[in-house]
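Listed here are the chains, written in short residue letters.
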Amino acid sequence: MEILQGQSNWKLTVRREKDHIVLLRAQTCDIRAVLPDQLFGLPVTVLGDHALAPNASAVSGEQVLITCGREGEWDNRNLQDLTLPAFLTDVENYALYGCRSLHTLRLHDRIDRWGGYCLMNCRALRAFHLTRTQPRHSEALAYLCGEVHEELDVTVYETDGSLLRLIFPDFSEEYEENCPNHHFDYNIRGGGYPYHNQFRDKQLSMKTYDGLWDKYLREEHDPDTALRLAYTRLRWPAQLSEQSEGQYWAYLRRNKADALLWQLSLRDAQGLRLLLDGLQPEEDLLHKACDLARNMQNTEGLALLLEKQKPAAKSGFDKDFDL
């Protein structure tokens, strides 16, 4: 068995090809783990059938142990945050099947083939981080949004160093038995279906994404999700039109108190500053937000709220002192 040092602990079964590595099995004891980009000087380009599935049957191949000093149970059951190899181009059938604790997946846009049911039973998966390697929209995002029906928080790192972050609301598909007519009725619940399925030729259009907003608000939706979606587009406004910007701000202004409460809970000073500048909250709301920040011991947020109160104070309360 080959023993190597790495960022994470892995027990790997691999197959060496002429110019690349096929990863047949991969087990980690880490909660957050990074698969190696290369092994033996060759790029890891293929993630095999059931490669990370807990309790997958053993396969023949070359054994590699990658260690960084920690140990635990080697079964992927507790894996929550996974980074796939940067040179990966092929993810085969059931590759991540049954990784039920996995909530964050990080990958590059080189993957051009996805097998069947790669993410099946990854029931906690809610966040994707996609790094682009060329200035085009990757097909990976369309695949991931099509596979996961829950609310998704997607971050895209562009080749020019900019960042795009998007919320894809959840939806559900249900079949209900219609006994009198002897068939099943297909129903879609939740306003997120158009967001997950708005890709054309597997490419993302921000104009189309923003154009779904009015319809989303008219349909069954979660107000908290709508708040996150509006804020995220304003915080990372890539290709955001003036009209869409106004619509998102209008929603947040109708929900000022909820927006400030949520942002205080995140303890994100930059985000709170953005909301305070855009919402222009009334003085009584600022007082309530200050009390909340004190109770949360959010000192940075409290400082921003107090600073915002200064121009709101009546000039009649200004005092001069002469010594």
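No experiment lies behind these values; they were computed from the predicted model shown.

Asker: Quick question: what am I supposed to make of the overall build of the chain here?
Answerer: Helix and strand counts for the chain stand at ten helices and 16 strands. In terms of principal-axis extent, the alpha carbons of the chain reach across some 85 × 70 × 35 Å. Here the chain holds 323 residues, and the buried ones make up 46% of them. Relative to all contacts within the chain whose residues are 6 or more apart in sequence, the contacts with residues 24 or more apart total 58%. Treating the 37 positive side-chain charges of the chain as one cloud and the 49 negative ones as another, the clouds have centres 1 Å apart.

Asker: Help me understand the pairing of strand E13 (residues 152-157) in this model?
Answerer: Consecutive side chains of a regular strand alternate in pointing toward one face of the sheet and then the other. Bridge analysis of strand E12 (residues 127-131) against E13 gives five bridges, and the strand direction is parallel. Considered in E13, the bridge of His129 is made with Thr155. Pairing geometry for E13 and strand E14 (residues 163-168), over six bridges, is antiparallel. Bridged to Val154 within E14 is Leu166. The turn joining E13 and E14, which pair antiparallel and follow one another in sequence, is formed by five residues; a positive phi near 90° is taken by Gly161.

About the thresholds
Residues numbered from 1 in each chain as written. Predicted model: local features only at pLDDT ≥ 70, side-chain atom pairs only at ≥ 80, totals over all residues. Heavy atoms only, no water. Helix = DSSP H or I, 4+ residues; strand = E, 2+ residues; numbered from the N terminus. Buried < 20%, exposed > 50% of the residue type's maximum accessible area, 1.4 Å probe, protein only. Contact = heavy atoms within 4.5 Å. Lys, Arg positive; Asp, Glu negative; His and termini not counted. Charge placed at Lys NZ, Arg CZ, Asp CG, Glu CD. Pairing = 2+ DSSP bridges.

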